[in-house]
Amino acid sequence: MANSYFGAEILEKDTTVDERINKVIEKYPILDAYLHHFSQTSMKNQIPGLLSFFFIQGQTTLPYIRLPTGDTHLDLRVHVFWIQPSRTGKSIAWNFISDIMEKAEIPFDLFASGTDAGLIGSTEQEYDSNGKPTGEVKVVEGLLSGRKAINFDEGSILLTPNKHSQETVLYLQTACNPVGSGNNTLVKHMKGQKIECPSLVSLWITTYPPKGVKEYVLTKGIFQRVLLYHKHWDMDDRKEVSNRRLNTFMKKPKKVEMTKDDLYDYFKSTEKRIRDRLLDMAEMTFSQWSESSNEEKEEVVQEHMWNMFSAGEDYTKQLEKASENLYEELAEQPPSISEIIASFTPAIENYLGIFAIHMAILDESWVVTGDHVDDANNILFTLFENLIAWLTDSVEVGGNKQKEAKIHDAMIACHGEQTQHELDTHGDGWVLKNIFISTYMSRAKVSKSTADRHFKDYGASLFKSRKSGGRVFIRKIGDTQ
């Protein structure tokens with residue numbers, strides 16, 4: 001097994017989720033190296049860092065690979081919608097991502113706000129050498145036209161309920177449809193002119209958690225096409241990152257085995273390796289490929305998509321097992337929330353097939369095995385659990401009073417299971433908060449961030465806190481003073 005740059009540091013401590021992700025990272029040295037360098041720029045954002053690797057690789061492979069499924073296909077793009085409080089590393093993460101793409105010669109762009117013309121395209125009058133109109137017009141491509149990675153740094157503008165934002169969301173929804181399906185073409189009708197814009201973009205959308213975002217998530221189809229990741233940051237998270245960052249002042253970064261140059265080379269060599277395989281299968285030269293139109297290239301890609309990769313013996317079995325895990329998790333949720341979450345499962349299953357190929361690419365294998373499916377599932381099931389925890393914790397499904405009572409009961413039970421301590425001048429009955437939180441995570445089947453949020457929102461009326469010896473203790477309100 002490859003030595004990890006991170007060990008326990010890359011992932012939040014003491015959760016099975018972390019072990020699941022760490023298991024994937026350790027298998028692929030280039031992925032481990034990428035996450036090391038990402039963490040030097042955007043700290044404590046491990047899962048977004050992991051997703052950004054496949055976001056880049058998806059654009060790298062886009063011209064050459066389709067995943068056949070029945071009488072249609074998917075492409076390998078990865079679209080991400082990252083929701084997290086302000087000043088927690090979302091924007092600066094794009095600095096790292098765009099640097100990698102620039103050096104790897106992958107086109108990218110930024111979105112702030114835009115009209116239909118800016119997104120889809122427009123026409124301009126052509127003029128002759130004397131500056132007189134020729135009567136001809138040329139099409140000016142919009143932001144969503146062609147192949148590129150796009151960063152929406154303030155995704156909250158997409159969640160503002162007005163006519164323009166709703167149209168933008170529909171455009172993005174169309175842009176996420178499989179390349180080469182015809183359903184990814186944006187159309188704008190103008191006077192005497194129709195602009196058609198085939199979109200091959202990958203979307204990296206970030207936002208702080210705006211009010212009402214969850215209700216919007218449940219009603220807009222764009223969110224069933226992206227990988228949605230939400231994380232709550234508390235003061236402990238911010239303090240940890242502050243300490244890490246301050247410890248980098250006046251210190252040279254440690255030298256590591258794989259440099260950023262190795263990352264640039266990986267993406268460039270991966271594109272060449274995949275392109276060469278396709279051209280060999282199509283018996284085309286690079287010049288012939290370069291001179292082909294986009295439509296001709298797509299025909300070649302779809303003609304050979306069945307043979308670019310083959311499925312290992314246990315491939316389908318592991319796909320079915322992963323899907324079964326999703327539905328077992330759904331079955332544990334209340335009916336009112338399970339139906340909501342079920343609308344996200346088709347996208348998760350699509351991404352399961354997409355990520356399995358991504359893992360095979362990392363493995364430099366043309367056979368997609370059950371192990372590749374397992375690696376994909378470890379990533380996607382973690383995101384699925386994150387989605388469930390966020391929606392369950394926030395969407396109104398049965399009333400706040402019922403929810404509050406359930407959480408209170410679980411917290412009181414967890415408190416009663418802990419070893420009690422006596423604090424000088426404050427009496428006995430105190431338990432270590434970090435051990436209490438770990439116990440609550442296991443009992444309530446929630447992540448650490450959700451457990452911390454539950455304690456903040458619901459534990460304040462049950463417990464008082466004290467610090468002693470640098471550790472935090474809690475005790476039930478009303479117990480012996």
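Cut-offs applied
Residues numbered from 1 in each chain as written. Predicted model: local features only at pLDDT ≥ 70, side-chain atom pairs only at ≥ 80, totals over all residues. Heavy atoms only, no water. Helix = DSSP H or I, 4+ residues; strand = E, 2+ residues; numbered from the N terminus. Buried < 20%, exposed > 50% of the residue type's maximum accessible area, 1.4 Å probe, protein only. Contact = heavy atoms within 4.5 Å. Pairing = 2+ DSSP bridges. Axes fitted to C-alpha atoms, helices over the stretch in contact; angles between N-to-C directions. Patch = residues over 30% accessible without salt bridge, like charges linked within 9 Å, V, L, I, M, F, W, Y side chains within 5 Å. Areas by Shrake-Rupley, 256 points an atom, 1.4 Å probe, with all protein chains shown as cover. Salt bridge = Lys/Arg side-chain N within 4 Å of Asp/Glu carboxyl O. Parallel < 35°, antiparallel > 145°, perpendicular 65-115°, else oblique. Left-handed = near helix turned anticlockwise from the far one by under 90°. pLDDT = per-residue confidence, 0-100. Core = buried A, V, L, I, M, F, W, Y, C linked by side-chain atoms within 4.5 Å. Expected span 1.5 Å × (residues − 1). Polar contact = N/O pair within 3.5 Å; in protein donor to acceptor, adjacent residues only side chain to side chain. Phe/Tyr/Trp six-rings, centres within 6.5 Å; stacked < 30°, edge-to-face > 60°.

Chemist: Help me understand the overall build of the chain in this model?
Modeler: Helix and strand counts for the chain come out as 19 helices and 16 strands. Looking at the chain residue by residue over its 481 residues, the buried ones come to 50%. The contacts in the chain between residues at least 6 apart in sequence include a share of 72% that link residues at least 24 apart.

Chemist: Help me out: how do you make sense of the sheet that holds strand E15 (residues 463-468) in this one?
Modeler: To summarise the sheet geometry, strands pair through backbone hydrogen bonds and adopt either a parallel or an antiparallel arrangement. Spatially, the four strands line up as an open sheet ordered E13-E14-E16-E15, and their pairing is antiparallel. Both outer strands of the open sheet, strand E13 (421-423) and E15, are each paired with one neighbouring strand and no more. Going from strand to strand, the sheet's axes swing by 50° on average, the running direction of each strand aside. Sheet topology places strand E14 (residues 427-432) next to strand E16 (residues 471-476); two bridges connect them, and they run antiparallel. Looking across to E16, one finds that Leu432 is bridged to Phe473.

Chemist: In this structure, what is going on with a nonpolar patch on the surface? I would like to understand it.
Modeler: Taken together, the side chains of Leu246, Phe249 and Met250 present a nonpolar region at the surface, about 400 Å² in accessible area. Tracing the sequence through the fold places Met250 in the loop between helix H8 (235-246) and helix H9 (260-282). Of the residues examined, Met250 reaches a relative accessible area of 87% and is grouped as exposed.

Chemist: Quick question: what am I supposed to make of the packing of helix H2 (residues 29-41) against H9 here?
Modeler: To describe two helices that pack against each other, one gives the angle between their axes and the distance between the axes. In the contact formed by H2 and H9, the axes pass within 10 Å of each other and the chain directions differ by 130°. Judged on the interaxial angle alone, H9 and H2 are oblique. For the pair H2 and H9, the sense of crossing is left-handed. On H9, the residues that touch Ile30, Ala33, Tyr34 and His37 of H2 are Lys260, Asp262, Leu263, Tyr266 and Phe267.

Chemist: Help me understand the confidence of the model for the chain, please; the structure alone is not making it clear to me.
Modeler: Predicted coordinates in regions of low pLDDT should not be interpreted in detail. For the chain, mean pLDDT is 87; residues scoring 70 or higher make up 90% of the total. Helix H7 (residues 213-219) is the least confidently modelled element of the chain, averaging 66 in pLDDT, while strand E12 (residues 367-368) averages 98, the highest of any element.

Chemist: Can you help me understand the pattern of salt bridges in this one?
Modeler: Opposite charge on two side chains allows them to pair when their charged atoms are near. Under the criterion given, the structure shown has 13 salt bridges. Residue Lys103 is joined to Asp99 by a salt bridge in which the shortest nitrogen-to-oxygen separation is 2.8 Å. Remark: Asp99 and Lys103 occur in helix H4 (residues 90-103); sequence separation between them is four residues, near one turn of the helix. Classification of Asp99 by relative accessible area gives buried; the value is 16%. Where Arg244 meets Glu240, a salt bridge forms, and the shortest distance between an N and an O atom there is 2.7 Å.

Chemist: I tried to follow the nonpolar core on my own but got confused; where do I start?
Modeler: Inside soluble globular proteins, nonpolar side chains tend to come together where they are buried. Formed by 105 residues in total, the largest nonpolar core has its most connected members in Tyr34, Phe54 and Phe355. Those residues in contact with Tyr34 that sit more than four places away from it in its chain are Gly49, Ser52, Phe53, Ile56, Phe96, Ile97, Ile100, Leu263 and Phe267.

Chemist: Can you walk me through H9 in this structure?
Modeler: Given 3.6 residues per turn, any residue in an α-helix points the same way as the ones three and four places further on. With 23 residues, H9 should cover 33 Å at 1.5 Å per step; its first-to-last C-alpha distance of 33 Å lies within 8% of that length. Buried within H9 are the following residues: Leu263, Tyr264, Tyr266, Phe267, Thr270, Glu271, Ile274, Arg275, Leu278 and Leu279. Looking one or two residues beyond H9, the residue adopting positive phi is Glu283, at roughly 55°.

Chemist: Can you walk me through the side chain of Arg66 in this structure?
Modeler: Among the structural elements, Arg66 can be located in the loop between helix H3 (46-61) and strand E1 (67-69). Judged by its relative accessible area of 3%, Arg66 falls in the buried class. There is a polar contact of 2.7 Å between the side chain of Arg66 and the side chain of Glu298. The contacts of Arg66, once residues within four sequence positions are left out, are His73, Leu74, Asp75, Val179, Glu298, Val301, Gln302 and Met305.

Chemist: Got a minute to help me understand the pairing of E15 in this structure?
Modeler: Remember that side chains alternate between the two faces of the sheet whenever the strand is regular. Across six bridges, E15 lies against E16 in antiparallel orientation. Note on E16: the bridge partner recorded for Phe463 is Lys476. In this structure, the hairpin formed by E15 and E16 is closed by a connection of two residues, where Gly469 is found at a positive phi of approximately 60°.

Chemist: What's the story with the pairing of strand E3 (residues 80-83) in this structure? I'm lost.
Modeler: Because side chains alternate across E3, one face comprises the buried residues Val80 and Trp82, and the other comprises Phe81 and Ile83, equally buried. Here E3 runs beside strand E9 (residues 193-207); their pairing, made up of four bridges, is parallel. Of the residues in E9, the one forming a bridge with Ile83 is Thr207. The sheet contact formed by E3 and strand E10 (residues 227-230) spans four bridges and is parallel. By the bridge assignment, Phe81 is partnered in E10 with Leu228.

Chemist: When you look at the packing of aromatic side chains in this model, what are you seeing that I'm missing?
Modeler: One pair of aromatic rings is described through two measures. These are the centre distance and the angle between the planes. For the coordinates displayed, the defined rule picks out 23 aromatic pairs. When the ring of Tyr351 is compared with that of Phe355, the centres are 6.1 Å apart and the planes differ by 70°; the resulting orientation is edge-to-face. Here the residue Tyr351 and the residue Phe355 both occupy positions in helix H15 (residues 345-362), the gap between them amounting to four residues, near one helical turn. When its relative accessible area of 0% is taken as the criterion, Phe355 is described as buried. Ring geometry for Phe436 and Phe463: centres 5.4 Å apart, planes at 65°, overall edge-to-face. Placement of the pair is Phe436 in helix H18 (residues 433-444) and Phe463 in strand E15, with a sequence separation of 27 residues. Across this residue pair, the class does not change: Phe436 and Phe463 are buried. Connected via pairs of aromatic rings, a cluster forms that spans Tyr34, Phe38, Phe53, Phe54, Phe96, Tyr266, Phe267, Tyr351 and Phe355.

Chemist: How should I be thinking about unusual backbone geometry in this particular structure?
Modeler: Excluding glycine, most residues fall at negative phi; most peptide bonds, likewise, are trans. The phi dihedral of Glu283 is positive, around 55°, even though this residue is not glycine. Tracing the sequence through the fold places Glu283 in the loop between H9 and helix H10 (286-291). Even without being glycine, Glu364 reaches a positive phi, approximately 55°.

Chemist: Could you clarify how one ought to interpret the side chain of His73 in this entry?
Modeler: Mapped onto the fold, His73 is located in strand E2 (residues 72-74). Among the polar contacts made by the side chain of His73, one reaches the main-chain carbonyl oxygen of Val179 at a distance of 2.7 Å. His73 has contacts with Arg66, Leu67, Pro68, Pro178, Val179, Gly180, Ser181, Glu298, Gln302 and Met305, leaving out every residue within four places of it along the chain.

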